[in-house]
Amino acid sequence: MTGHTPTDPTEEYARTARTTPTRARERVSYDRESVHAILDAAFLCHLGFVADGRPVVLPTLYARDGERLYLHGSTGARALRRDALPVCLTVTHLDGLVLAKSAFHHSINYRSVVVHGTARRVTDEARARAALDAVVDAVAAGRSADCRPADARELAATAVLELELAEVSAKVRAGGPNEEPEDLGLPHWSGVVPLRTVAGVPEPAGGEAAPAELPSYLRELAG
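Residues numbered from 1 in each chain as written. Predicted model: local features only at pLDDT ≥ 70, side-chain atom pairs only at ≥ 80, totals over all residues. Heavy atoms only, no water.

The name given to the protein chain in an unreviewed UniProt entry is Pyridoxamine 5'-phosphate oxidase family protein, with the source organism recorded as Streptomyces sedi.

Okay, here's the thing in structure tokens:
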């Protein structure tokens, strides 16, 4: 796994009952490039599944490789040790607070992806290590080559899952508030408060950690 594998040549993912919303259908897209862009701009997802008859949602790290996602978890979670786990995975970017003149029309601007499918355990050691490298590099590109790899004990404690991108949709809201015509003359402020996530100045570890020069990839990450 040395970068993204070739993608399906079709431009859109197939629509299914689970990826067809009942509200705000105009915001939904099945465009493959748009889905990939939203996924590649993040590294934290929320993974939903059923364990012991109860719904569970876990935040976890992920990386995209072509038409699959690799997920990082703990083998201490019994459900993640299963060979096949039906899941619903979501990724969301919060881009702005949308403040309208009426409480009803307040909203947010966002970009999101929802993936339905079956997550499967990666049991081959070489593939698992490559997947974990991809997850580390999704957080900070170049980091996997600049840290000690997992030893046998650490690898055994780590659950690596793969999820095919097949039943997928993106949903995006952008722009200002939707106002009722009769509210336009009200004296309340309305508009958008933009939001974004930025990397701060890296803070070196203290204690007994040996000092090291700040790597170039972290200087670039912090801008």
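Q: Describe helix α2 (residues 125-139), with residues and values.
A: Between the first and last C-alpha of α2 there are 21 Å, a value that for 15 residues agrees with the 21 Å anticipated at 1.5 Å per step. If you check which residues of α2 are buried, you get Ala128, Ala130, Ala131, Leu132 and Val135. Buried residues in α2 make contact with β3 (54-65), β4 (68-74), α3 (152-156) and β7 (158-164). The N-cap residue of α2 is Asp124: its side-chain oxygen and the backbone nitrogen of Ala126 are 3.3 Å apart. (Helix = DSSP H or I, 4+ residues; strand = E, 2+ residues; numbered from the N terminus. Expected span 1.5 Å × (residues − 1). Buried < 20%, exposed > 50% of the residue type's maximum accessible area, 1.4 Å probe, protein only. Contact = heavy atoms within 4.5 Å. Polar contact = N/O pair within 3.5 Å; in protein donor to acceptor, adjacent residues only side chain to side chain.)

Q: Let's hear about the nonpolar core: which residues, and what values?
A: Within the largest apolar cluster, 27 residues are counted, with the highest numbers of intra-cluster contacts made by Leu39, Leu47, Phe49, Tyr62, Leu71, Leu89 and Val113. When contributions to this core are tallied by element, the ones reaching two or more residues are α1 (32-40), β2 (44-51), β4, β5 (84-99), β6 (107-121), β7 and β8 (167-173). Not counting residues up to four positions away in its chain, the partners in contact with Leu39 are Tyr62, Arg64, Leu69, Val91, Val113 and Leu165. Ranked by size, the runner-up nonpolar core spans 7 residues in total, among them Ala131, Leu132, Leu155 and Val160. (Core = buried A, V, L, I, M, F, W, Y, C linked by side-chain atoms within 4.5 Å.)

Q: Outline the state of the cysteines, listing residues and values.
A: Scanning the model with the defined rule gives 0 disulfides in all. Cysteine Cys45 is unpaired, with the sulfur of Cys88 as its nearest cysteine sulfur at 11 Å. For Cys88, a relative accessible area of 26% translates into the label partly exposed. (Disulfide = S-S within 2.5 Å.)

Q: Pulling in residues and values, what's your account of the packing of aromatic side chains?
A: Scanning the entire structure with this criterion turns up 0 aromatic pairs. Above the face of the Tyr13 ring, Arg32 is positioned so that its terminal group lies 4.1 Å from the ring centre. (Phe/Tyr/Trp six-rings, centres within 6.5 Å; stacked < 30°, edge-to-face > 60°. Lys NZ or Arg CZ within 6 Å of the ring centre and 35° of its normal.)

Q: Describe in detail α1, supporting the description with residues and values.
A: Looking at α1, one finds that the buried residues are Arg32, Val35, His36, Ile38 and Leu39. Seen along its axis, α1 keeps its buried residues to an arc of 165°; they face one direction. Two or three places before Glu33, at the opening of α1, Asp31 has a side-chain oxygen 3.3 Å from that residue's backbone nitrogen. (Arc of directions from axis to C-beta.)

Q: So what about the pattern of salt bridges? Which residues, and what values?
A: Evaluation of the coordinates by the stated rule reveals 14 salt bridges. Taking the shortest distance from any N to any O, the salt bridge between Arg32 and Glu67 comes out at 3.0 Å. Highlighted residues: Arg32 in helix α1 and Glu67 in the loop between β3 and β4, separated in sequence by 35 residues. The exposure class of Arg32 is buried, given its relative accessible area of 8%. Notably, a salt bridge pairs Asp65 with Arg68, separated by 3.9 Å at the nearest N-O pair. Accessibility expressed as a relative area gives 4% for Asp65, which makes it buried. Within the structure, one salt-bridge network assembled from shared partners comprises Asp65, Arg68, Arg127, Glu162 and Glu164. (Salt bridge = Lys/Arg side-chain N within 4 Å of Asp/Glu carboxyl O.)

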